[in-house]
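Structural characterization, general
This is what each chain is made of:
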Amino acid sequence: MQSGGENWAGRLASLRAEMAAQGLDGFVVPMADQYQNEYVPPQAQRITWLTGFTGSAGMVVVLADRAAAFTDGRYTLQIAEQVDGELYDCLHIAETPPPDWIAKNLKSGDKLGFDSWLFTQDGVGRFRKGAAAAGAELVAVSENPLDKVWQDQPDAPMALVVPHDIAFAGVTSAEKRAQLSRDLTEAGRDAVVITAPDSIAWLLNIRGGDVSHSPLPLSLAILHNDTKGDGRVDLFLDDAKRGRGLGDHLGNEVSIQPPDKFASALDALSDKVVQVDPGGTAAWVFERLGAAGATINPAPDPCQLPKA
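Residues numbered from 1 in each chain as written. Predicted model: local features only at pLDDT ≥ 70, side-chain atom pairs only at ≥ 80, totals over all residues. Heavy atoms only, no water.

Let's talk about the overall build of the protein chain
For the protein chain, the count of helices and strands is 13 helices and 14 strands. A globule of 308 residues ought to have a C-alpha radius of gyration of about 19 Å, and the protein chain, at 21 Å, matches this closely. If you line up the protein chain on its principal axes, its C-alpha atoms span 60 × 40 × 30 Å. The contacts in the protein chain between residues at least 6 apart in sequence include a share of 66% that link residues at least 24 apart. Taken as a whole, the protein chain presents about 14,000 Å² of accessible surface, with 49% of it coming from carbon and sulfur. Of the side chains in the protein chain, 26 bear a positive and 41 a negative charge, and the two mean positions are spaced by 3 Å. (Helix = DSSP H or I, 4+ residues; strand = E, 2+ residues; numbered from the N terminus. Rg over C-alpha atoms; globule rule 2.2 N^0.38 Å. Contact = heavy atoms within 4.5 Å. Areas by Shrake-Rupley, 256 points an atom, 1.4 Å probe, with all protein chains shown as cover. Lys, Arg positive; Asp, Glu negative; His and termini not counted. Charge placed at Lys NZ, Arg CZ, Asp CG, Glu CD.)

Below you can see the structure in the form of structure tokens.
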């Protein structure tokens, strides 16, 4: 049973009220951020705010009349202690996958909402199948209803991003970018969208501190296939996070742009062939590229194998 003085029932009720205001019969809350990290900054700890559960792996599905909290075998005891069993069914995510629970508990004609920044393209496919099995519809929300009722939600982290010295990296960023650019050319692709902070850290030889105990620079990037083969990159990073020497380290071929320019940068790829990882990139990116008319080439993050 839960301890502490938080009004968990009140938080659940406020979420349900906002869901109803948006015409939703249910909403899925993952333990994820827009970068699909396992360990997320305070701003993205939505499950913790809603239920009190502090584990690193979890998912919550809230319907109008019932709710379920899922986690894996590492946290079965912890979730039972931290989450109110009168408000949520606490379930093992492998024994009762959330899409299966949705298929059994949604009603025909229901609308199940999700934030497309917080799910990969592959993940959306699994939940869409679960909703369809119940005769329901999975719909992307324009505004996350939980964020709307989370009045004291923390701001996005602003740790400085700094160069990672070649003595530790072993290979320069220019070499890495040039190789990936050549790979794009050979594959007939114009650009690749990279949203995994560890991949961006590796590709650009940079480090950050946005997440506790992790040197990740939370950011987004687009690597272009350049005729020069020099691996031009657009890095979407808040200017307040520029650490000392970052601009000189990145050089002229890496353009630092505000995060709010990411959407328009995707729109500008309207006539391009764009590689995106469906297993690691937010579904929002696929939606935006599709709406822009880009040709999407689903393929793994190109940094993962050379990084390994």
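Considering unusual backbone geometry
Of note, Gln-36 is a non-glycine position whose phi angle comes to about 65 degrees, a positive value. Even without glycine at this site, His-213 takes up a positive phi of about 65 degrees. Mapping His-213 onto the fold places it in the loop between strand S9 (206-207) and strand S10 (220-224). Relative accessible area serves as the criterion here: at 87%, His-213 is assigned to the exposed category. (Buried < 20%, exposed > 50% of the residue type's maximum accessible area, 1.4 Å probe, protein only.)

With respect to the nonpolar core
Core analysis: the biggest nonpolar cluster contains 25 residues, and Val-29, Leu-50, Phe-53, Val-60, Val-62, Tyr-88 and Leu-146 have the highest contact counts within it. For this core, the elements supplying multiple residues, two or more each, are helix H1 (8-21), strand S1 (26-30), helix H2 (46-51), strand S2 (59-63), strand S3 (67-71) and helix H6 (145-149). When neighbours within four sequence positions are excluded, Leu-50 is seen to be in contact with Trp-8, Arg-11, Leu-12, Leu-15, Val-29, Val-60, Val-62, Tyr-88 and Leu-146. (Core = buried A, V, L, I, M, F, W, Y, C linked by side-chain atoms within 4.5 Å.)

Considerations on the sheet that holds S1
Taken together, the six strands give an open sheet; going across it, the order is S4-S3-S2-S1-S5-S6, and neighbouring strands pair in mixed fashion. Among the strands making up the open sheet, the edge pair consists of strand S4 (89-92) and strand S6 (137-140). Geometrically, the sheet is characterised by an average inter-axis angle of 25 degrees between neighbouring strands, direction not taken into account. As paired elements, S1 and S2 share five bridges and run antiparallel to each other. (Pairing = 2+ DSSP bridges. Axes fitted to C-alpha atoms, helices over the stretch in contact; angles between N-to-C directions.)

Re the pattern of salt bridges
Following the criterion strictly, the structure yields twelve salt bridges and no others. A salt bridge links Asp-210 to Lys-241; its shortest N-O distance comes to 2.6 Å. Of this pair, Asp-210 sits in the loop between S9 and S10 while Lys-241 sits in the loop between strand S11 (233-236) and helix H10 (246-250), and the two are 31 residues apart along the sequence. In this structure, Asp-210 and Lys-241 share a single accessibility class: buried. Linked by salt bridges that have partners in common, Glu-18, Glu-143 and Lys-148 make up one network. (Salt bridge = Lys/Arg side-chain N within 4 Å of Asp/Glu carboxyl O.)

Structural notes on the pairing of strand S13 (residues 273-276)
As paired strands, strand S8 (residues 191-194) and S13 are joined by two bridges and run parallel to one another. Across the sheet, the residue bridging to Val-192 is Gln-275, located in S13. Where S13 meets strand S14 (residues 295-298), four bridges bridge the pair, whose relative direction is parallel. The partner of Val-276 across the bridge, within S14, is Pro-298. Read from S13 through helix H12 (residues 283-292) to S14, the crossover connection turns out right-handed. (Right-handed = clockwise from strand over helix to strand, strands pointing away.)

What about the environment of Cys-303?
The topology assignment puts Cys-303 in the loop between S14 and helix H13 (304-307). What makes Cys-303 buried here is its relative accessible area of 0%. Remark: the alpha-carbon pair of Cys-303 and Leu-180, spanning 123 residues in sequence, is separated by 8.1 Å.

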